Amino acid sequence: MKIRTLALAIFAAFCGITTLSAQEMPEMPKPLKEHEWLKKFTGEWTTTSEMKMPTGETVKSTGTEKAEMLGGFWVISKGSGELMGMQMHYAMTLGYDPGKKKYVGTMIDSMMGKMWQYEGSLDESGKILTLETTGPCPMRGGVMTDFQDITEFKDDGVRTFTSRFKDEKGEWVTIFTGEAKKKP
């Protein structure tokens, strides 16, 4: 009987502490205008793209993408397509970090073992998001180099995408371009 009384006393004390803590908890953060901007990515999209190969050849591909908001803070997108005769799948997260005052995100795909980690910002027009990262460059034999992935919203239903890297001279070289159209 003493164990039951002790257990009830501990439970009652815990409930009192939990109630007190709940009353003292700060207000949960609310999405900012930068988070609202991310909603442009949501929906189902069809994609077309061209990738420049190390040989100089250009490879075209088509695919689909679906993106949705996670809470009011993150966009989670998943896509797939055919690239060089193989199925490729990818997943991307994109959000805004108020502390850094930067858009942040990650990307993984089924063709390489690297998780790309991004940080970037919008231009003054509010239509172009430039994300920056560092990774192995296929055009330079896997040498680590700077990359930029640039998304431009042409209107509510069309966006373009450009991926480029810095070459050994410090100049930007475009290796991937694409366009996504929102399904009605």
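That block above? That's the structure.
Here the residue index of a chain counts from 1 through its sequence in written order. Local features in this predicted model are restricted to residues whose pLDDT is 70 or higher, and side-chain atom pairs enter the listing and the counts only when it is 80 or higher, whereas totals over whole chains, interfaces and linings include all residues. Side-chain figures throughout are based on the complete set of non-hydrogen atoms in the structure, without hydrogens or water.

What the protein chain contains, in helices and strands, is 2 helices and 10 strands. Going from the N terminus to the C terminus, the protein chain shows its helices and strands as α-α-β-β-β-β-β-β-β-β-β-β. Three labels apply to residues, based on accessible area from a 1.4 Å probe with only protein chains included: buried if under 20% of the type maximum, exposed if over 50%, partly exposed otherwise in between. Burial analysis of the protein chain (184 residues in total) assigns 30% to the buried set. Within the protein chain, residue pairs in contact and separated by at least 24 positions form 34% of the contacts whose partners lie at least 6 positions apart. All accessible areas in this document rest on Shrake-Rupley with a 1.4 Å probe, and a residue is counted as covered only by the protein chains that are shown. Of the roughly 11,800 Å² of accessible surface on the protein chain, a fraction of 59% belongs to carbon and sulfur atoms. Each helix corresponds to a stretch of at least 4 residues labelled H or I by DSSP, and each strand to a stretch of at least 2 residues labelled E; elements are numbered beginning at the N terminus. Residue contacts follow a heavy-atom distance rule, with two residues in contact if any of their heavy atoms lie within 4.5 Å.

Here the focus is the packing of aromatic side chains. Classification of ring pairs rests on two measures: the distance between centres of Phe, Tyr or Trp rings, Trp counted by its six-membered ring, which must be within 6.5 Å, and the angle between planes, read as stacked under 30 degrees, edge-to-face over 60 and tilted in between. According to the stated counting rule, one finds 8 aromatic pairs in the structure shown. Relative to F153, the ring of W37 has its centre 5.6 Å away and its plane inclined at 85 degrees; by these criteria the two rings are edge-to-face. Taken together, the residues W37 in helix α2 (residues 33–37) and F153 in strand β8 (residues 143–155) connect sequence positions 116 residues apart. Comparing W37 with F153 shows no difference in burial state: the two are buried. Taking the centre distance of 5.7 Å and the plane angle of 75 degrees together, the rings of F161 and F176 count as edge-to-face. Residue F161 is located in strand β9 (residues 158–166), and its partner F176 is located in strand β10 (residues 172–182); the two are separated by 15 residues in the primary sequence. What makes F161 partly exposed here is its relative accessible area of 24%. Chaining the aromatic ring pairs together yields one cluster made of W37, F41, Y96, Y103 and F153. In this structure, K40 packs its charged tip against the face of F153, placed 5.6 Å from the ring centre. The criterion for a charge sitting over a ring is simple: Lys NZ or Arg CZ within 6 Å of the ring centre, and within 35 degrees of the ring normal.

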